[in-house]
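# Descriptive structure summary
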Amino acid sequence: MQILDSLAEHVGRTPLVRLQRFSAGVPPTLLGKVEYLNPGGSVKDRIALAMVTAAERDGHLRPGGTIVEPTSGNTGAGLAIVAAQRGYRCVFVMPDKMSREKIDLLRAYGARVVVCPTAVDPDDPRSYYRTADRLTAEIPGAFQPNQYQNPANPQAHYASTGPEIWEQTDGRIDVFVAGVGTGGTISGAGRFLKERNPDVAVVGADPEGSLFSGDEVRPYLVEGVGEDFIPGTFDPAVVDRYVRVGDGDSFRTTRRLAREEGLLLGGSCGLAAWAALEVAAEYPPEAVIVVLLPDTGRNYLSKIYNDDWMVANGFLDRTGTAARLRDVLAVKVGKLPAIVHVHPDESVHEAIRTLQEFGVSQMPVVKRETLDAQDDVLGSIRERSLLERVYRDAATLDLTVRDVMDEPLPAADARDTVEQVMSALGGNVPAVLVCDGPRPAGVLTRADVLDFLNRRPR
C-alpha cells in the first residue's frame, strides 16, 4: 500500500508546466514551477517543514510548545499543517492587507490569528514583526521560526527547489525568475542553480514600492512579496537583475493565467509571470526560462478574482477600456489567421482577393511568410486608399503591392489598454498592429474593439 504517515511527507516535487498559451508571444520556452500543489497550497510548505525540523533538532521547540510567526498567510498554513501533525499550538501575526480567506484558513487549522496595521514602520510596536516578538516573549514555551532570519529558509530551497528545477529541465535552464519576499526562495534555489551553471540568470520580480529594487518604499496591494527592509535570509549577490511590477499588471496577469492556462494562482504569481514575460522577450527561441509560481488563487477569490474589488481599486474598468489589447485579441471572433497579410511582390489583383477572402479591410505587407518581428512589416494595404487609386486609374490593378502600399499600421503593445489605443484608432488609422514583445500578435480594428466592448458585462 502507498500510504503517507503525514502530509508533510508530500512537500516538494511539484510539477514544471509549460506555459504555452501565456507565452505564445515570446520566443523562449517558459515553464512554471507550480508550488500550490504542496499540501498547504504554497511554496512556503518547504520552509515550514525545514524550520520546524531544525528547531526540534536544536532544542528550540519542545513537545507542547507554541509556534509564533509573523506571516502573510502561506508560511502560517505550512506551519499549521506541521504543527497539527506534531502536536504544537500556533499563533500567527498578519498585516491587515491580507485576504479574508487567508485569515479564515489559519483559524480553520485551529491557530490564533492576530491582525496588525500594514502602513507602519517595521520597528513600530504595532507592526506584525514586533507584535510577533512580543507574543513570543510572553507565551511560555513559545518559539518563533522567524522566516526572515532563519537559515533553514534558504537552505530548504537549496536542498529541494533548486535541485528539482535542475533535474526537471535536464540542466538546460537559462533564466530563473522568482518574487522576493523573505528572499529564501530566490537565494537558496538561485544559489544551487548558479553552482551548477554560473551562466544561469537569476531575476527578482519585485512590487513597485518594495525596497529590494528601489529606494522609494510605499504601500502596495500584492501579498507575500517585496519588503521594506532587507531580511537576513536574502542574499542580494545571487540576484542578477530586478523587474519591477505594479499591482495592476500583477493582478491582471494572475487572472490571465487562470483563463489561458487553467492555473488558479495568487497575485505574487502574476507578478513573477509578468516579469518572466518581460525577460523572455530578450531571449532566443532555444532559451529555457523557469518562473516560480508560489501559491494558490483560492486565497484571493474575494480580491483578485472579484470584479467588484478589481474595479474599486482601479485595476478593471466596467466599460472594458482598461482591458489589455491581448484580452481583445483573445476574444476576437471568426476563423481568421492570426495576421492576414500580403507580400510586396504579389499583384494588386491578388491583394484584393485576399481582402475579400478573409473579409478584412486592411492588412500588413510583410517580407516573408513567418512574421517574427515588427521589422518584417514593410507597409500596409488599406481598402479605402486602394479603392481611391483604382477608381482614379484602372491600370493600378496591374501593379504590385510594393507600388501601392501605404505606411505600416501603427504598432501597439499587447499590454496596452483599450483606452490607450483609442486615440490611435481615429482619423485615417483603421487598425493597429498588436505586438507581444517583439513579435506581432494580431491586427485590431475599430470593429474588433467595438465587438469586445459590446460583449463585456455591464
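This text gives an overview of the structure that appears in the document. (Residues numbered from 1 in each chain as written. Predicted model: local features only at pLDDT ≥ 70, side-chain atom pairs only at ≥ 80, totals over all residues. Heavy atoms only, no water.)

## Notes on the nonpolar core
Core analysis: the biggest nonpolar cluster contains 38 residues, and Leu30, Val177 and Val291 have the highest contact counts within it. Where this core is concerned, the elements lending two or more residues are β2 (29–34), β7 (175–179), β8 (201–207), β9 (241–245), α7 (247–261), α8 (267–280), β10 (288–293) and α9 (307–312). Element by element, the count of residues in this core is highest for α8, at 10 residues. Each residue touching Val291, except ones within four places of it in the same chain, is listed here: Leu19, Leu30, Leu31, Gly32, Lys33, Val177, Ala272, Ala273 and Ala276. Counting residues in hydrophobic clusters, the runner-up holds 22 residues, among them Leu49, Ala55, Ala80 and Phe92. (Core = buried A, V, L, I, M, F, W, Y, C linked by side-chain atoms within 4.5 Å. Buried < 20%, exposed > 50% of the residue type's maximum accessible area, 1.4 Å probe, protein only. Helix = DSSP H or I, 4+ residues; strand = E, 2+ residues; numbered from the N terminus. Contact = heavy atoms within 4.5 Å.)

## Regarding the packing of α7 against α8
For the pair α7 and α8, interaxial distance at closest approach is 7 Å and the crossing angle is 95°. Accordingly, the angle class assigned to the pair α7 and α8 is roughly perpendicular. Seen from α7, the contacting residues are Asp249, Ser250, Phe251, Thr253, Thr254, Arg256 and Leu257; seen from α8, they are Gly267, Cys269, Gly270, Leu271, Ala273, Trp274 and Leu277. Considering only residue class, the contact of α7 with α8 consists of 7 nonpolar, 5 polar and 2 charged. (Axes fitted to C-alpha atoms, helices over the stretch in contact; angles between N-to-C directions. Parallel < 35°, antiparallel > 145°, perpendicular 65-115°, else oblique. Nonpolar A, V, L, I, M, F, W, Y, C, P; charged D, E, K, R; others polar.)

## Here's the deal with α8
For α8, which comprises 14 residues, the first-to-last C-alpha distance of 20 Å matches the rise-based estimate of 20 Å (1.5 Å per residue) to within 8%. The buried count for α8 comes to 13 of 14 residues, which makes it a mostly enclosed element. (Expected span 1.5 Å × (residues − 1).)

## Comments concerning the sheet that holds strand β15 (residues 439–445)
Read from one edge of the open sheet, 3 strands run β13-β14-β15, paired in mixed fashion. What marks the edges here is a single partner per strand, and that holds for β13 (411–413) and β15. Going from strand to strand, the sheet's axes swing by 35° on average, the running direction of each strand aside. For β13 and strand β14 (residues 431–436), the ladder comprises 3 bridges, and the chain directions are parallel. Looking at the pairing, Asp413 lines up with Cys435 of β14. (Pairing = 2+ DSSP bridges.)

## Some points on the pattern of salt bridges
The final tally for this structure, using the stated rule, is 24 salt bridges. Of the charged contacts, one joins Asp104 and Arg100 as a salt bridge, the two residues approaching to 3.3 Å between their closest N and O atoms. Of this pair, Asp104 and Arg100 both sit in helix α3 (residues 100–108), 4 residues apart, which is roughly one turn of the helix. Note on Arg100: relative accessible area 45%, which makes it partly exposed. Taking the shortest distance from any N to any O, the salt bridge between Glu282 and Arg241 comes out at 2.9 Å. Here Arg241 lies in strand β9 and Glu282 lies in the loop between α8 and β10, a separation of 41 residues in the sequence. Exposure remark for Glu282: the relative accessible area of 51% places this residue in the exposed category. According to the relative accessible area criterion, Arg241 is partly exposed, its value standing at 31%. Among the charged side chains, a salt-bridge network with shared partners connects Lys33, Glu35, Arg46 and Glu164. (Salt bridge = Lys/Arg side-chain N within 4 Å of Asp/Glu carboxyl O.)

## Re the pairing of strand β5 (residues 112–116)
Relative to β5, strand β4 (residues 89–95) is paired through 5 bridges, and the arrangement is parallel. Its bridge partner being in β5, Val91 is matched across the sheet by Arg112. Of the crossover connections in this fold, the one passing from β4 over α3 to the parallel β5 is right-handed. (Right-handed = clockwise from strand over helix to strand, strands pointing away.)

## Considering the sheet that holds β7
To summarise the sheet geometry, strands pair through backbone hydrogen bonds and adopt either a parallel or an antiparallel arrangement. Spatially, the 6 strands line up as an open sheet ordered β1-β2-β10-β7-β8-β9, and their pairing is mixed. With one partner strand each, in any of the chains shown, β1 (16–18) and β9 form the two edges of the open sheet. If you compare each strand with its neighbour and ignore which way they point, the axes differ by 25° on average. Pairing of β2 with β10 involves 6 bridges; the strand directions are parallel. Bridging across to β10, Gly32 finds its partner in Val291.

## Quick word on the side chain of Thr136
Along the chain, Thr136 turns up in helix α4 (residues 128–138). Given the relative accessible area of 18%, Thr136 is considered buried. Of note is the side chain of Thr136, whose polar atom sits 3.1 Å from the side chain of Gln144. Those residues in contact with Thr136, other than ones at most four positions away along the chain, are Val68, Ala142, Phe143 and Gln144. (Polar contact = N/O pair within 3.5 Å; in protein donor to acceptor, adjacent residues only side chain to side chain.)

## Things to note about the layout of surface pockets
Of the voids in this model, the second largest pocket is the one considered here, and its volume is about 770 Å³. Residue lining of the second largest pocket: 50 residues in total, with Lys97, Tyr220, Val225, Gly226 and Glu227 positioned closest to the centre. Those elements that place two or more of their residues in the lining of the second largest pocket are α1 (44–58), α2 (74–86), α4, α5 (152–168), β7 and α6 (184–196). If you tally residues by element for the lining of the second largest pocket, the top one is α6, at 3 residues. Taken together, the residues of the lining of the second largest pocket sort by class into 22 nonpolar, 20 polar and 8 charged. (1 Å grid on protein atoms, 1.4 Å probe; cavity = no way out; pocket = protein on both sides within 12 Å on 5 of 7 lines; lining within 4 Å. Points joined across faces, edges and corners; volume = space filled by probe spheres on them.)

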